[in-house]
Amino acid sequence: MWRNNSFISLFMGSFYSLPSPVNLSYWWNMGSLLGLFLIIQIVTGLFLTMHYAGNIEVAFDSVSKTIGRDANYGWVLRYAHANGASFFLALIYLHMGRSIYYKRYNNLHTWSVGVVLLALSMLTAFLGYVLPWGQMSFWGATVITNLITAIPVWGGSIVTWVWGGFSVDNAALNRFYTLHFLVPFLIGVVALVHLVVLHEEGSGNPVGSFSSSLKIFFWPYFGVKDILGVGVVLFVFLAVVFLAPDMFGDPDNFYQANPMVTPVHIKPEWYFLFAYAILRSIPNKGLGVLSLVVSILVFFLLPWGGGVGFTPSVVYQVVVWLWVANFFLLTWLGGCPVKDVYTHLAQVSGFLYFALIALFVCL
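This one's a predicted model, so the numbers in the text were calculated from it and none came from an experiment. (Residues numbered from 1 in each chain as written. Predicted model: local features only at pLDDT ≥ 70, side-chain atom pairs only at ≥ 80, totals over all residues. Heavy atoms only, no water.)

Here we take up the overall build of the protein. Along its length, the protein carries 13 helices and two strands. In terms of overall size, the protein behaves like a compact globule, its C-alpha atoms giving a radius of gyration of 22 Å where 363 residues would be expected to give roughly 21 Å. Each of the three principal axes of the protein carries a C-alpha extent, and together these read 65 × 50 × 40 Å. Partitioning the intrachain contacts of the protein with sequence separation of at least 6 by distance along the chain shows that 78% fall at a separation of at least 24. If you sum the accessible surface of the protein, you get close to 18,700 Å²; carbon and sulfur atoms cover 73% of it. Averaging the coordinates of the 14 positive side-chain charges in the protein and doing the same for the 12 negative ones gives two points 11 Å apart. (Helix = DSSP H or I, 4+ residues; strand = E, 2+ residues; numbered from the N terminus. Rg over C-alpha atoms; globule rule 2.2 N^0.38 Å. Contact = heavy atoms within 4.5 Å. Areas by Shrake-Rupley, 256 points an atom, 1.4 Å probe, with all protein chains shown as cover. Lys, Arg positive; Asp, Glu negative; His and termini not counted. Charge placed at Lys NZ, Arg CZ, Asp CG, Glu CD.)

By domain assignment, the protein separates into domain 1 (21–262) and domain 2 (267–362). In this structure, domain 1 and domain 2 have C-alpha centres spaced 21 Å apart. Between domain 1 and domain 2, the residue contacts involve 32 residues of the former and 30 residues of the latter. Surface buried jointly by domain 1 and domain 2 totals about 3,000 Å² across both partners, of which 71% is contributed by carbon and sulfur atoms. Seen at the junction of domain 1 and domain 2, the total is zero salt bridges. The interface formed by domain 1 and domain 2 includes seven residue pairs in polar contact (both at pLDDT 80 or more). When residues of the side of domain 1 that touches domain 2 are traced back to their parent elements, those giving at least two are helix H4 (74–101), helix H5 (108–130) and helix H6 (135–146). Top contributing element to the side of domain 1 that touches domain 2 by residue count: H5, with 10 residues. Looking at the side of domain 1 that touches domain 2, its residues break down into 23 nonpolar, six polar and three charged. (Domains from an automatic or database assignment. Buried area = accessible area lost by both parts, 1.4 Å probe. Salt bridge = Lys/Arg side-chain N within 4 Å of Asp/Glu carboxyl O. Polar contact = N/O pair within 3.5 Å; in protein donor to acceptor, adjacent residues only side chain to side chain. Nonpolar A, V, L, I, M, F, W, Y, C, P; charged D, E, K, R; others polar.)

The phi dihedral of lysine 103 falls on the positive side, at around 60°, and the residue is not glycine. Tracing the chain through its elements places lysine 103 in the loop between H4 and H5. A positive phi angle, close to 55°, is found at tryptophan 133, a residue other than glycine. With respect to the element layout, tryptophan 133 can be found in the loop between H5 and H6.

Moving on: the packing of aromatic side chains. Taken as a whole and judged by the stated rule, the model has 29 aromatic pairs. Look at phenylalanine 37 and phenylalanine 237: their rings are 5.1 Å apart centre to centre, the planes differ by 85°, and that puts the pair in the edge-to-face class. Remark: phenylalanine 237 occurs in helix H9 (residues 221–243) and phenylalanine 37 occurs in helix H2 (residues 30–49); sequence separation between them is 200 residues. Phenylalanine 237 shares its class with phenylalanine 37; the two are buried. Both rings, one in phenylalanine 327 and one in phenylalanine 328, keep their centres 6.2 Å apart while their planes meet at 80°; by these two values the pair is edge-to-face. Sitting above the plane of the tryptophan 28 ring, arginine 98 keeps its charged end 4.3 Å from the centroid. In this structure, lysine 103 is placed above the aromatic ring of tyrosine 316, and the distance from its NZ or CZ to the ring centre is 4.7 Å. (Phe/Tyr/Trp six-rings, centres within 6.5 Å; stacked < 30°, edge-to-face > 60°. Buried < 20%, exposed > 50% of the residue type's maximum accessible area, 1.4 Å probe, protein only. Lys NZ or Arg CZ within 6 Å of the ring centre and 35° of its normal.)

Inspection of the secondary structure assignment puts serine 62 in helix H3 (residues 59–70). In this structure the side chain of serine 62 is engaged in a polar contact, spanning 2.7 Å, whose partner is the backbone oxygen of alanine 59. If we skip the residues at most four places from it in the chain, serine 62 touches His51, Tyr52, Ala53 and Ile67.

This part takes up the packing of H5 against helix H8 (residues 170–201). In contact at an axis separation of 8 Å, H5 and H8 are set at 160° when each is read in the N-to-C sense. Relative to H8, H5 is oriented roughly antiparallel. Once H5 is placed against H8, the crossing between them reads as left-handed. Tallied by class, residues from the contact of H5 with H8 come to 20 nonpolar, eight polar and one charged. (Axes fitted to C-alpha atoms, helices over the stretch in contact; angles between N-to-C directions. Parallel < 35°, antiparallel > 145°, perpendicular 65-115°, else oblique. Left-handed = near helix turned anticlockwise from the far one by under 90°.)

Where H3 contacts H4, the axes come no closer than 6 Å and their chain directions differ by 125°. Between H3 and H4, the interaxial angle falls into the category oblique. Contacts from Val63, Ser64, Ile67 and Gly68 of H3 reach H4 at Gly74, Trp75 and Arg78. Across the contact of H3 with H4, the residue classes break down as three nonpolar, three polar and one charged.

As structure tokens, this is what we get:
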């Protein structure tokens, strides 16, 4: 009878009775977890907008005082939203890392839409980081938007247009607030496209086999796995929210933005540090910005490599682990102060970042 109802038919066909490879592991839980955290981010964000004031005179107080102390359970919403961004980006990195490790980026459209989702998520996270209007929020926005000046001829004019003036001020804050509110809904739409394309092209698995005889229903076999994964990750997430809510934050952001006082060490959130290290290690501003952009766009090239879709060789897996170790090294270097030893090490590590990805394509 459920086949007569299109909505129920879609649900049953897409989730309940979806034919799934029999050998999926817990690494395939990331998609459902990302859907959960996207919902958490949108819902908590909607409630936060009811108390947030997009004006440089009161933005800091609206977050620290109105939301943090005056609104009922506002502090829970604030820390759930702030830490939810870290969990969301971490899950995206794990989701993509799993696909790279098992060489499951052979579905061109599914992978390409996923890279678009990564870029949109990083954009949204950057816009949201500016809104509390703390010291690191303001100076982070100033540094990152100034990178646009690396564009020849029109760079300075574009930056002035983005700012709505001659510095990061009230107009810029309002624009960032508007975009931060709207882009997550775009992410939701693109995520649905990602799911539709995935179901059309077929889901990968650790050995790359797509035989119909090796598939079973999604429920209860993998539905139970997803429920367990959700329970474990939510436990860790709530532990961070209630026990260590400022673990991923920067101490400078406890001070209201002051254009007259520059922080000793300006750095972005942890999930941008690998790209920031690459940017900072290159003396030429134009090449640095280009490397920063290419560090994300380079993932579009993976489906065009050789041996895509086949079971990865031992050599390929060793290269992947070297790249993962190098990624963590870049993340650490991005948070280090500006010193020659860290800069030179970041230059080597940045070269390895792109060189190892080139090996992904070749192996």
